[in-house]
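Listed here are the chains, written in short residue letters.
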Amino acid sequence: MIRASVQTEPIRPEAVLGHVGSDEDGAALLFLGVVRNHADGRSVRGMHYDAYEAMAEAVLREIATEASERLGTDHVSVVHRTGDLDVGEVSVAVAVSSPHRAEAYEASRYVIEEIKKRLPVWKREHYAEGDDAWVEGTVPPGTGGAPGRSTGGRDDEPVTATRGGRP
Amino acid sequence: MSVSVRTLFFAAYRDLLGTSELDIALEGQPTVGDLVRSLRARGVPFDGLPEHPAVAVNHAYADASERLSSGDEVAFIPPVAGG
């Protein structure tokens, strides 16, 4: 079963993992994206996630479906969180299962990489010093901008938060 | 003959414009590119939008050449940072 959702409630990883797996599957894999306490040498105390909710769930489902086609089974479950998260909280969970491990690793990696390329979600880092900033992002492929381009430090993206390095 | 669309702005674009939503009417048979040009031509702060922003029409990413129809929801998508 393909499951994809965007939610403000805390993610329960064991529930997401519980959505995948079958008697045919010898591998079950859970990836968690977690809010960390640092970014580019600065201390981070939390993260705010904003989503274009009406679109994000559809894109997430599309990504999960593509992954399942690569996996050759339909055991993919993915949840993305929105709202205010503290350090250590789970922002995204990806669970997949397959008969053998290689496909599971590939599908899991595919889902998280595609999320970073095209899921309409934005995050704002809250720093220990009290200020905050949008995290630099990636231009979704197949849109007006160049595909998959990072926008950090570019002159023609005046409103993008810019700083070195990538999350 | 004019086409009325609902435009949405997120994250950094919302901060730039100070609004998350605008109703826009355009003459003729406008494309996504026409809408972007028309908005940027309003001057400050709209000219802070990129010349070629990522745009979604009715929840699907769209090319600048896509034609708009009345009632379309057109979202300006800043570079994404999920995960």
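Heads up: the structure comes first, above all this text.
Computed from a prediction, not measured in an experiment: that's the story for all the values here. (Residues numbered from 1 in each chain as written. Chains lettered and ligands numbered in written order. Predicted model: local features only at pLDDT ≥ 70, side-chain atom pairs only at ≥ 80, totals over all residues.)

Residues and elements named next belong to chain B. Here Gly18 lies in the loop between α1 (11-17) and β2 (21-27). Residue classification places Gly18 among the exposed positions, given that 8 C-beta atoms sit within 10 Å. Separated by 27 residues in the primary sequence, Gly18 and Pro45 have C-alpha atoms spaced 9.0 Å apart. (Helix = DSSP H or I, 4+ residues; strand = E, 2+ residues; numbered from the N terminus. Buried ≥ 20, exposed ≤ 12 C-beta atoms within 10 Å, placed from the backbone.)

Counting along an α-helix, one turn takes 3.6 residues, and residues three or four places apart therefore face a common direction. Residues and elements named next belong to chain A. Compared with the 27 Å implied by 1.5 Å per residue over 19 residues, the 27 Å span of helix α2 (residues 53-71) between its first and last C-alpha is a close match. Of the residues making up α2, those classed as buried are Met55, Ala56, Val59, Leu60, Ile63, Ala64, Ala67, Ser68 and Leu71. Looking one or two residues beyond α2, the residue adopting positive phi is Gly72, at roughly 80°. (Expected span 1.5 Å × (residues − 1).)

What follows covers the sheet that holds β2 of chain B. All names here are of chain B. On the basis of which strands lie adjacent, the open sheet formed by 5 strands has the order β2-β1-β5-β3-β4 and mixed pairing. Edge positions in the open sheet fall to β2 and β4 (60-62), since each of these has one partner strand only. With strand direction ignored, the average angle separating the axes of adjacent strands in the sheet is 35°. Across 3 bridges, strand β3 (residues 54-57) lies against β4 in antiparallel orientation. Counted as the bridge partner of Val57 is Ala60 from β4. Relative to the sheet, helix α2 (residues 32-40) contacts β1 (2-9), β2, β3, β4 and β5 (73-77), its axis offset from that of β2 by approximately 110°. (Pairing = 2+ DSSP bridges. Axes fitted to C-alpha atoms, helices over the stretch in contact; angles between N-to-C directions. Contact = placed C-beta atoms within 7 Å.)

Moving on to the sheet that holds strand β5 (residues 76-81) of chain A. Residues and elements named next belong to chain A. Pairing within the open sheet is mixed, and its 4 strands lie in the order β1-β5-β7-β2. The outermost strands of the open sheet, each flanked by one partner alone, are β1 (2-7) and β2 (27-34). Pairs of neighbouring strands in the sheet enclose a mean axial angle of 5°, with direction left out of account. Note: β2 against strand β7 (residues 90-98), 8 bridges, orientation antiparallel. Of the residues in β7, the one forming a bridge with Leu30 is Ala95. Most of the contacts of α2 go to β1, to which it runs at about 150°, and overall it touches β1, β5 and β7. Together, β2, β5 and β7 form the strand contacts of helix α3 (residues 101-118), whose direction differs from that of β7 by roughly 150°.

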